[in-house]
Structures are given as structure tokens and as C-alpha cells.
Amino acid sequence: MNEAREQSLATIRRGLKRGPLDGTRRVELETRLAHPLRHLIPTRAQGSHSEQVAMWIRMAEYALATVDQVARPNDAPAAVAAFLARENLPTAIVMAPDAELAALPWESQSLLHIERRAARDGDQVSVTTAFAGIAETGTLMLCSGPDSPTTLNFLPDTHIVLLPTAWIVGSYEDGWDLLRATGEAMPRTINYITGPSRSGDIEQTMQLGAHGPLRLHIVLISA
Amino acid sequence: MQVTTQAFQRNAGAALHNPALQKALKNIKIGFVRKRAAAVAKLPEFEALREAGRELKNHVLDHLDFYLEQFETKVIESGGQVHWAQDAAEANQIVLEICQSVNARRVTKGKSMISEEIGLNDFLEAHGIRPVETDLGEYIIQLRHEHPSHIIAPAVHLNREQVADAFQAHHAPYGFTERREEPRALMDEARQVLRQQFLQAEVGITGANFCIAETGTTVIVTNEGNGDLTQILPKVHIALASIEKVVPTFEDVSLLLRLLARSATGQELSVYTTFSTGPRRAEDADGPEQFHVVLLDNGRSGMLGGEFQDMLRCIRCAACLNHCPVYGAIGGHAYGWVYPGPMGSVLTPQLIGIEVAGPLPNASTFCGRCEDVCPVHIPLPKMMRHWREQEFARHLIPMTTRFGLGLWAFVARNPKLYRLATNLGSWLLRRLAGGKGRIRSLPLARGWTAWRDLPVPQGRTFQQQWATRRENQS
Ligand code: SF4
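Residues numbered from 1 in each chain as written. Chains lettered and ligands numbered in written order. Predicted model: local features only at pLDDT ≥ 70, side-chain atom pairs only at ≥ 80, totals over all residues. Heavy atoms only, no water.

Enquirer: Sorry, what's going on with the overall build of chain B here?
Expert: Tallying secondary structure elements over chain B gives 22 helices and 12 strands in all. The globule rule puts the C-alpha radius of gyration for 474 residues at 23 Å, and the 25 Å found for chain B is close to it. The principal-axis extents of the C-alpha atoms in chain B amount to approximately 90 × 55 × 45 Å. Across the 474 residues of chain B, 58% fall into the buried class. By sequence separation, contacts in chain B at least 24 residues apart represent 72% of the contacts at least 6 residues apart. In the structure as shown, chain B presents an accessible area of about 19,200 Å², 54% of it carried by carbon and sulfur atoms. Taking the 52 positively charged and 49 negatively charged side chains of chain B as two groups, their mean positions are separated by 14 Å. (Helix = DSSP H or I, 4+ residues; strand = E, 2+ residues; numbered from the N terminus. Rg over C-alpha atoms; globule rule 2.2 N^0.38 Å. Buried < 20%, exposed > 50% of the residue type's maximum accessible area, 1.4 Å probe, protein only. Contact = heavy atoms within 4.5 Å. Areas by Shrake-Rupley, 256 points an atom, 1.4 Å probe, with all protein chains shown as cover. Lys, Arg positive; Asp, Glu negative; His and termini not counted. Charge placed at Lys NZ, Arg CZ, Asp CG, Glu CD.)

Here it is, written out as C-alpha cells:
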């Protein structure tokens, strides 16, 4: 449908009363793309790091996620097992095949049954990390890749995320900077997740667990 | 979709007499309106962000050709494909051919107003492909063979009993034989039925809230996660976008995201905001093997440089619907096509012609609330007035109205005659009221007084008061 393309572009240019952009204007726009400008960033996203962590927790809970905190990475498996026991949830876990997750002492939790793979229908509980936490809205930022399949974020009823507080940033823009700084190509899928799945489509009464997880639980790791 | 915009007055009359609809519409005020106000109050920068949002969208529209070409280049670089469509027929054909290329029998769909605009479901069905809507509201209305009555809450016109009826009628094959009415139970039922559809579909079709030129990324925003299951499980992901959805960078999207959910549902951010770039990478364990973007024009390029260009700033938040007294009274179906409320009253005449959509720009009290809440400051009332002027200029207004307006204009240009007429008029109205403050039914204006009482003119006319005031001052 190249004709459609040419027709749209021609009509746009006719409306704007000019031809294709070239010269300095074009260079300016290319620069704007190569060096993105930040717009106004809300003050709430600009506090000290400890303020950002506090804000992240407050906002995530406001979005109906639940948050536990542990001091060290090695405490995380016990926290996960405790959460599952408290909520009376199955102990079979499907876990992201991520090296840092694998390095944690899961064998200390003998009740947990762990498989490391993408999610399938029928999986009840998933455990993943996140790329970052975004304080201004209590949002998790997850990037797809071989070690973090996207299905884990959506198919199971319960999604548990392990997040070091050091990975919490203030604003969405801080998250993009962090991603660009990795120097890697844009992942296929980036998920911002703010609370568990929900719908208000029946009489505007909010119900959790529409298609994605009913529960979103985060284990924050302080050190 | 059948267009019934011309029957607006009759549709609206029926809507006012529909008790189920009237009950459902009350939910909007408790839900969206209050929540938006609370979310806006929590973000002191909101007004400044609105200004920035308007400037950003204006910048994009002024360079739309450039950003579209950049977006296309980046989609292709990341392994995706871009298809341009002039109109609904071309867009439908493109989607059909992609589906046929993978022998698709079933497609799941995330919520997309573009899909409604091009009538995609009917088209696919006519070609033997079964489209399944997965947004809960869209799913409900698909079962009822209806169209959305709201751009973000498609089933807002329904009550739980009606949802229960629809599920009871359709879910027996999935093992649900008992009628349930609790919203929780209804939702669980839909979740189980639709989960199977997600897993069986060969193609997943979503809309796109934004297209990012920097990287060729499409963005969807949902609360349910249905859009995500739609696009990560099947082999093929098709994103339907209209051309004005392009934005330059992630920073620019961040700005608009701060406006969108707060204006729409009063959330700080929707639960899921998903950025998709190309197909799955070689090492990925999941994700679609093919990624297609359909860029639909459908008359939008022709809005640039004209009096309706500003409408292309719209980010489809629905705040203008939620705050519109006309929408609140009659709901979305009365508008007779895909886009209802103030944004629909401006956009619909552009997309399907003022000849058929003429009644819509007239469905306004000009109270101005839509413009007050629009996150990108679209001057909706002004644009509705433009349409009315065009309608008048093109002689699309009925003779009686033209005659009435002509008569009024003649009288208004003759001060003596005007004074005589207003004095006579207010005297007559007071006589008709018989001492009461309001008139229940006015001869020749029963269409108006059927729904409200006419207040009787109090005291003297403006001209009389003005004259007295001038005398007292001199
Ligand atoms: S016109 Fe403004 S308020 Fe209405 S949907 Fe579009 S962006 Fe939202």
C-alpha cells in the first residue's frame, strides 16, 4: 500500500503548506530524537533516594500491590515462602531463568517447588525481578529477554517481584535513562506494571484479577 | 457499523426513556468524575503538564510527516512491518491478508477504537475469521451484538443483570450453566472463558495509544492485562494505529502518560503500560514472531492546516464524555457512530461527513466543561460551532430553523422592534404561567418543555434595566 503512504504524506504536507522537511529544520528534529528533551518532572519524583523508596512503597500500595521488605538478598526466598504460606497459596513456582535469582538460597525453602521457564496456562505463582521501580506512581518496569519472559508477568494468578531498593528511581524519565545506559537494543517488550490486574467494566465496581494477576506482591531488598 | 447519527434526536429521546440506561449512566459521576478530580488535586503540576501536552502535540502535528517516516524506519529496523491505509477498506484488507497468511481462524483483540472505526469485526467474520474481544467491557457488548457506548468503558451503559443475561446465553458451552449476577463471579467466569481464547488465537490485534518514533515502538495502556495476553501469546501481533498517534521520544510519552490515566479513570497510572518493539528476539522464550503496524489515515491528514487540526491532539482519555451533561443524559449510543460525546461531535462529521453527522455538533449546551477538563486543551465548543457554521453555510439546516434564525436576525437588527417583541414576549409568558415561576408546557415549544420547565422572565427586560441605569447615572 505504498500509494496510501504517499497520499497521506502528500496531504499532510499540503495541509502544512510545505514540502518534505530538509535543511536545518530537519537537523533540529533529528537532534531532538537523538537527545530527548525532558518535559516538566513532578516534584514528587525528585526527592532523595530514601524519599523515593518511601514514595514507591506508598504508591505501589495505593495501587493495591502488597510490599514486604527484607534486609539482604539471601532473605528473599524465606520471604517468598512466608508470603505464600500466609496467603494460603500453592508452593509450586515458575521462576524467571535469571542468574541473580538463581543465585539466591532457594534450597533453604524445602517446601517450594521451582521451575525456571516461561509461563504456561495453569501456572499459579510466578517469581521475577524487575528492571527498575519508578517512585512517582509505584510502578515496576520489566524488560523482556531470555532471562525474563513476559508471560510470567501475566498468566499466573500471583506475581511476586524481587526488587532491590537500589533499583528504584524517581521518574519515568530516570527509568528510560537507565535503560539507554545499558547500551543494549530496545527489548521486545517493556512492561510498566502498577498494581494487580483489574476491571471496572461491570457497573464501575472495581474487581481485581481481570485477565492478569489477581495479586502483585513485591519483596523489596534493602541491601 | 451502521450509522444512525441522523436519527440523533430520536435516539436521544429513546435514551431518556430507557430506565436501565439512566441507572447505568449515574455510575459515571460517582466513578470517573470524582476520581479524576481527586487525582488532579494530588498532582500540583497537572495544569503545567496540560500546557506542555498541548505544545508537544502541536509540535508533532506540525512535523507529522517527518515523525511518521521516522517511526516507519525504526519499526522496519527492529524487524517489524508497517502498512499504510487510506481508509477503512484498505485497513481491513491489510489485516485480513496478514491473518490469511498464517491461516488464522481465530483472532483475539485488545480494545481498539480504530478497529471499531473500520468495522473490523464484521469484516473478519464475513471472511470466516472469528474475532474475540478480550477487554471485559468489549467482550460483553460483543456478546450482545452492540457497539461501545464509551471510548474507554464500552459497557458503561449496562447493568449487572444485563451482563448476567449475556453470559448465561453464551457460556453454557464452556460449562457455565448457572446464572450469576455478582460482579466478582461474572468477572471470574469471563476470565476463564477468555483464557482459552487467548491460548488458541493465531493472531492478536491491539490498538496503540502511542507510536514512538525514536525506536518504532507501539504503546498500549490497559487495566486488565488483556491487551498483553492478546499480543504476547499468538504468533502474530498486529497493532492498529491512526497516524496522529505518533510521538517523538520516550520522554514525550512520559509526559502524556502523566495526563492520560488521571484524566481518564483518575488513576495515577493505568495498571499496564506496555511498550512493544518489533517481534520476539531470537533468544526470547515468548512473544510474537511477527509484528505489524497498520497506520490508518481515514481523513485525518486532511485535517492538518484547517480549523479542525487541534482535534488531532486528542489522546482519547474520555474526560470530555465523562463531564458532558448531554452525554451524561443520553449515553453514547444515541450519537449513532463510533465516537460519542464532545470529541465525537467534532470528529464524527470529519470522518463520515457533516451531511449525516450534522445533529452531533448541535448536541451541546456550550457549557464548556469538556474544554475545561481536556488534558490537551482542545477547544471542543469552538469546533462544534465551526461545524454549525459550515452546516448553515452549506444549507444543511432545516427550513424552519433557517427561517426562525432569519426572523430573529431581522428583529435583532431593529432596536425598536426588538424592544417591542421582548416586552410583548415576557408579558405573554407571565400570563401563561398564571402567577407561578415556571411554565410546564409551552405551546409551539413542547419539544423543549417536555424535559424541563421554562422559567418565567422575572422583573424587567435587560434593555429596560439598562435604560434606567443610564438615567440614574446621568
Ligand atoms: S478531546 Fe480531550 S478530553 Fe476528549 S477524549 Fe480527547 S483528549 Fe480526552
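Enquirer: Teacher, can you tell me more about the overall build of chain A here?
Expert: Helices and strands together make up the secondary structure of chain A, namely 6 helices and 12 strands. In terms of its C-alpha atoms, chain A occupies a principal-axis envelope of roughly 70 × 40 × 40 Å. Per element, the accessible surface of chain A, about 9,300 Å² overall, is 54% carbon and sulfur. Distance between charge centres in chain A, computed from 20 positive and 25 negative side chains, equals 8 Å.

Enquirer: Mind showing me how you'd approach the interface of chain A and chain B here?
Expert: How large an interface is tends to be reported as the accessible area lost when its parts come together. Every contact between the two is made by 81 residues of chain A and, on the other side, 103 residues of chain B. Buried area between chain A and chain B, both sides added, is near 7,700 Å², and the carbon and sulfur share of it is 56%. Linking chain A to chain B there are 14 salt bridges. Taken together, the connections running from chain A to chain B amount to 46 residue pairs in polar contact (both at pLDDT 80 or more). (Buried area = accessible area lost by both parts, 1.4 Å probe. Salt bridge = Lys/Arg side-chain N within 4 Å of Asp/Glu carboxyl O. Polar contact = N/O pair within 3.5 Å; in protein donor to acceptor, adjacent residues only side chain to side chain.)

Enquirer: Would you explain helix 4 (residues 64-77) of chain B in this entry?
Expert: Because an α-helix packs 3.6 residues into every turn, residues spaced three or four apart end up facing the same way. Residue and element names in this part refer to chain B. Here helix 4 spans 20 Å end to end across 14 residues, near enough to the 20 Å set by a 1.5 Å rise per residue. The complete set of buried residues in helix 4 reads L64, D65, F66, Y67, L68, Q70, F71, E72 and V75. One or two positions beyond helix 4, positive phi appears at G79, with a value near 95°. (Expected span 1.5 Å × (residues − 1).)

Enquirer: What is the right way to look at the environment of P288 of chain B in this model?
Expert: As for its position among the elements, P288 of chain B is in the loop between strand 9 (272-277) and strand 10 (290-296). In this view, P288 of chain B contacts R188 of chain A together with Q231, I232, P234, K235, V236, H237, P279 and R280 of chain B; residues no more than four positions away in its chain are not counted.

Enquirer: Please explain the domain arrangement of chain A as it appears in this structure.
Expert: Taken domain by domain, chain A comprises domain 1 (1-35) and domain 2 (44-221). Computed over C-alpha atoms, the centres of domain 1 of chain A and domain 2 of chain A are 41 Å apart. (Domains from an automatic or database assignment.)

Enquirer: Sorry if this is basic, but what is going on with the pairing of strand 6 (residues 217-222) of chain B here?
Expert: Regular strands have side chains that alternate between both faces of the sheet. All names here are of chain B. With 6 of its 6 residues buried, strand 6 lies for the most part within the structure. Alternating residues of strand 6 divide into T217, V219 and V221 and T218, I220 and T222, and every residue in both groups is buried. Sheet topology places strand 5 (residues 210-212) next to strand 6; 3 bridges connect them, and they run antiparallel. Looking across to strand 6, one finds that C211 is bridged to T218. Between the end of strand 5 and the start of strand 6, which pair antiparallel, lie 4 residues, with G216 showing a positive phi angle near 70°. Relative to strand 9, strand 6 is paired through 6 bridges, and the arrangement is antiparallel. Residue I220 lies in a different strand from strand 9, and its bridge partner there is T274. (Pairing = 2+ DSSP bridges.)

Enquirer: I tried to follow the pattern of salt bridges on my own but got confused; where do I start?
Expert: Should the charged atoms of two oppositely charged side chains come close, the side chains can pair. Here the structure, examined in full by the defined rule, presents 42 salt bridges over all chains. Close ionic contact of E72 of chain B with R5 of chain A constitutes a salt bridge, the shortest N to O distance being 2.7 Å. Of this pair, E72 of chain B sits in helix 4 while R5 of chain A sits in helix 1 (residues 2-16), each in a different chain. Two residues, E203 of chain A and R160 of chain B, come together in a salt bridge whose shortest N-O distance is 3.0 Å. Placement of the pair is E203 of chain A in the loop between strand 10 (198-199) and strand 11 (207-208) and R160 of chain B in helix 9 (residues 160-170), with the two residues belonging to separate chains. Taken together, the shared-partner salt bridges in this structure form one network comprising R5, E6, R13 and R18 of chain A together with D65, E69 and E72 of chain B.

Enquirer: Is there a simple way to think about the sheet that holds strand 10 of chain B in this case?
Expert: Strand pairing in a sheet is mediated by backbone hydrogen bonds. Such pairs are either parallel or antiparallel. Residue and element names in this part refer to chain B. Sheet architecture is open: 6 strands sit in the order 1-10-7-4-2-3, paired in parallel fashion. The sheet is open, and its two borders are formed by strand 1 (81-85) and strand 3 (130-133), each paired with just one other strand. For this sheet the average axis-to-axis angle between neighbouring strands, irrespective of direction, equals 25°. Note that strand 1 and strand 10 share 5 bridges and pair parallel. Counted as the bridge partner of W84 is L295 from strand 10. (Axes fitted to C-alpha atoms, helices over the stretch in contact; angles between N-to-C directions.)

Enquirer: Is there a simple way to explain the domain arrangement of chain B in this structure?
Expert: Partitioning chain B into structural domains gives domain 1 (43-301) and domain 2 (413-473). A C-alpha centroid distance of 53 Å is found between domain 1 of chain B and domain 2 of chain B.

Enquirer: Help me understand the environment of E97 of chain B in this model?
Expert: Inspection of the secondary structure assignment puts E97 of chain B in helix 5 (residues 88-101). For the pair E97 of chain B and L420 of chain B, spaced 323 residues apart in sequence, the C-alpha separation works out to 70 Å.

Enquirer: Even after reading the chapter, I still don't get the packing of helix 15 (residues 341-352) of chain B against helix 18 (residues 380-393) of chain B, so can you show me in this structure?
Expert: Between two packed helices, the angle of one axis relative to the other and the distance separating the axes together describe the packing. Residues and elements named next belong to chain B. Between helix 15 and helix 18, the shortest axis-to-axis distance is 9 Å and the interhelical angle comes to 35°. Between helix 15 and helix 18 the crossing geometry is left-handed. In this structure, helix 15 uses P342, M343, S345, V346, P349 and Q350 to contact helix 18, whose residues at the interface are L380, M383, M384 and W387. Partitioning the contact of helix 15 with helix 18 into residue classes produces 8 nonpolar, 2 polar and no charged. (Left-handed = near helix turned anticlockwise from the far one by under 90°. Nonpolar A, V, L, I, M, F, W, Y, C, P; charged D, E, K, R; others polar.)

Enquirer: Before we go on, may I ask you to explain the state of the cysteines in this structure?
Expert: Linking two cysteines covalently via their sulfur atoms produces the bond known as a disulfide. The full count for this structure, using the stated rule, is 0 disulfides over all chains. Free of any disulfide, C324 of chain B has its nearest cysteine sulfur in C367 of chain B, 6.4 Å distant. (Disulfide = S-S within 2.5 Å.)

Enquirer: Looking at this structure, I do not really get the side chain of S276 of chain B. What am I missing?
Expert: The topology assignment puts S276 of chain B in strand 9. For S276 of chain B, the side chain forms a polar contact with the side chain of Q231 of chain B, separated by 2.7 Å. Among residues more than four places away in sequence, those in contact with S276 of chain B are R188 of chain A together with G216, T217, T218, Q231, H237 and F291 of chain B.

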